[in-house]
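Structural features, examined
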Amino acid sequence: MTKALAHPNIALIKYWGKQDKLGNFPATPSLSITLDGLVTETVLTDGSTDRFVINGKEQDDPKVAGFLGALRASLSVPPLEIETVNNFPTGAGLASSASGFAALMTAINAHCQFGLSTEMMSDWARQGSASAARSMYGGFVSLVPPLWRAYPAANVDHWPLNVVIAITSEEKKDVGSTEGMRRTAATSPFYPAWVKDAPEDYATASEAIAQRDFAALAGVAELSCLKMHSIMLTSVPTLSYWNPTTLSCMDGVRDMRRNGIAAFFTIDAGPQVKVVCLPDSVEQVQATLRDIPGVLTTKVCALGGNARILD
Ligand code: 2P0
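Residues numbered from 1 in each chain as written. Predicted model: local features only at pLDDT ≥ 70, side-chain atom pairs only at ≥ 80, totals over all residues. Heavy atoms only, no water.

Points about helix 1 (residues 62–72)
Defined as follows: Here the term buried applies to any residue with accessible area under 20% of the maximum for its type, exposed to any over 50%, and partly exposed to those in between, with areas from a 1.4 Å probe on protein chains only. Helical segments are the DSSP runs of H or I of at least four residues, strand segments are the runs of E of at least two, and each set is numbered from the N terminus. In this description, the arc belongs to the directions extending from the helix axis to the C-beta atoms. In this analysis, two residues are considered to be in contact whenever any of their non-hydrogen atoms come within 4.5 Å of each other. Any pair of nitrogen or oxygen atoms within 3.5 Å is treated as a polar contact; in protein, a donor-acceptor pairing is required on top of that, and neighbouring residues in sequence qualify only through side-chain atoms on both sides.
When helix 1 is considered as a whole, its buried residues turn out to be Val 64, Phe 67, Leu 68 and Leu 71. All buried residues of helix 1 fall inside an arc of 95° around its axis, so they share one side. Contact partners of the buried residues in helix 1: strand 5 (51–54), strand 7 (80–86), helix 2 (96–111) and helix 3 (118–128). Between the side-chain oxygen at the start of helix 1 and the backbone nitrogen of Lys 63 there is a gap of 2.8 Å, and the oxygen is on Asp 61.

And the structure:
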């Protein structure tokens with residue numbers, strides 16, 4: 001039996017769109033922070049056939065099956081019973097596939113005694129879900145060309161930011177990220193501009209993190225998020241991952257900023273709003289979000305560590 005843990009990550013500079021080649025390579029550079037309060041734990045045991053159980057329910061997951069198939073083309077992976085538990089809503093815009101594939105790859109590497117480096121595991125995790133490459137590491141993480149391999153951009157101590165998550169719905173999304181990206185790339189008239197501008201946004205965010213310049217990071221991160229949602233909204237048929245409460249939270253963050261609180265929002269392929277702030281603003285940010293009608297719960301996270309094996 002082998003048990004591994006990984007945290008989800010949220011991108012401040014978003015990945016949305018893939019290169020037109022095999023291997024699940026992103027079309028845009030991305031930069032994320034890993035969250036300590038959200039956890040995926042995955043237990044592996046040898047089985048007679050593959051079984052995948054998530055939060056107590058057996059599932060046929062084509063992405064997991066495809067991932068195992070790709071691994072087995074290169075490595076000797078026996079039939080596995082995989083039991084995964086998330087302490088947060090699954091498939092609802094909280095990056096459960098990022099932590100899921102990072103935990104699974106970490107567990108397989110130990111269970112099968114492959115001795116792969118973190119870089120190699122990150123490469124494999126990317127093939128399961130590109131954002132999973134970033135969840136192999138803690139702190140601030142880049143996923144960039146030319147190798148499209150994730151690497152740590154800064155550690156947790158460099159800038160211990162907090163994230164307050166406003167959960168506005170626990171329902172699974174209708175359109176998964178892979179299909180959403182395909183649709184956006186094929187139909188949004190603004191997709192080429194998104195791909196063209198992404199390296200500059202990435203460079204601006206990297207510099208802001210290096211300098212611990214919160215205002216600069218806030219500006220470019222909100223812009224990256226809104227550009228991504230703009231190309232989603234202008235896809236045909238349209239892709240909208242927001243609900244009315246999502247918009248209320250965005251307004252709430254803008255109000256806080258007008259009142260001098262250092263905070264910015266980011267939103268992924270789901271209606272939850274993640275508000276990044278400095279530690280001395282956490283209580284105020286949480287209290288504000290909690291009072292917004294439609295917010296079901298809030299959760300405060302610090303930056304988390306690497307994917308790892310649990311004894
Ligand atoms: C990100 N997202 O950079 C972006 C922002 C969601 C919005 O990466 O197709 O599950 O499995 O590679 O990694 C979600 O997409 O997609 C994602 P696949 P993934 O975090």
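Structure's up, so let's keep going.
Comments concerning the sheet that holds strand 1 (residues 2–6)
Which entries qualify depends on this criterion: Paired strands are those between which DSSP finds at least two bridges.
One open sheet accounts for six strands, arranged 6-5-7-4-1-14; its pairing is mixed. Two strands in the sheet have a free side with no partner beyond their single neighbour: strand 6 (57–58) and strand 14 (308–310). As paired strands, strand 1 and strand 4 (residues 40–46) are joined by five bridges and run antiparallel to one another. Bridge pairing links Thr 2 to Leu 44 in strand 4.

A few points about the layout of surface pockets
For clarity, the threshold we go by: Both site types are read off a 1 Å grid over the protein atoms alone. A 1.4 Å probe that fits but cannot get out defines a cavity, while an open set with protein on both sides within 12 Å along at least five of seven lines defines a pocket; lining residues have an atom within 4 Å of a point. Grid points are joined across faces, edges and corners, and a volume is the space filled by probe spheres set on the points. Domain start and stop positions are those given by an automatic or database domain assignment. Residue polarity is assigned by list, with Asp, Glu, Lys and Arg as charged and Ala, Val, Leu, Ile, Met, Phe, Trp, Tyr, Cys and Pro as nonpolar; anything else, Gly included, falls into the polar class.
Each pocket or cavity is described by its volume, and for the largest pocket that value is around 1100 Å³. Those elements that place two or more of their residues in the lining of the largest pocket are strand 2 (9–13), strand 5, helix 1, strand 7, helix 2, helix 3 and helix 4 (177–187). Ranked by residue count, the leading element in the lining of the largest pocket is helix 2, at five residues. When residues are assigned to domains, the lining of the largest pocket turns out to be shared by domain 1 (2–157 + 306–310) and domain 2 (162–301), each giving three or more. When its volume is computed, the second largest pocket comes out at roughly 270 Å³. Lining the second largest pocket are 14 residues; nearest its centre among them are Lys 173, Asp 174, Ser 240, Tyr 241 and Pro 271. Of the residues contributing to the lining of the second largest pocket, the split by class is five nonpolar, five polar and four charged.

Notes on the environment of Pro 279
Relative to the elements of secondary structure, Pro 279 occurs in the loop between strand 12 (273–277) and helix 8 (282–290). C-alpha separation for the pair Pro 279 and Leu 161, spaced 118 residues apart in sequence, amounts to 6.2 Å.

Quick look at the nonpolar core
Which entries qualify depends on this criterion: Residues belong to one nonpolar core when they are buried, are Ala, Val, Leu, Ile, Met, Phe, Trp, Tyr or Cys, and are joined through side-chain atoms within 4.5 Å.
Residues Phe 67, Ile 82, Leu 104, Met 105 and Ile 108 are the most contacted members of the largest nonpolar core, which totals 32 residues. Looking at this core, the elements that each hand over two or more residues are strand 1, strand 5, helix 1, strand 7, helix 2, helix 3 and strand 8 (140–144). Apart from residues lying up to four places away in sequence, Ile 82 is in contact with Thr 42, Val 43, Leu 44, Arg 51, Phe 52, Val 53, Val 64, Leu 68 and Leu 104. Ranked by size, the runner-up nonpolar core spans 30 residues in total, among them Ile 13, Phe 88, Val 220 and Val 276.

As for the domain arrangement of the protein
Basically, it comes down to this: Buried area: the accessible surface (1.4 Å probe) lost by two parts on joining, summed over both.
When cut into domains, the protein gives domain 1 (2–157 + 306–310) and domain 2 (162–301). Distance between the C-alpha centres of domain 1 and domain 2: 22 Å. Facing 31 residues of domain 1, the contacting portion of domain 2 comprises 44 residues. Both faces considered, domain 1 and domain 2 share a buried interface measuring about 2900 Å² in area, 73% of it formed by carbon and sulfur atoms.

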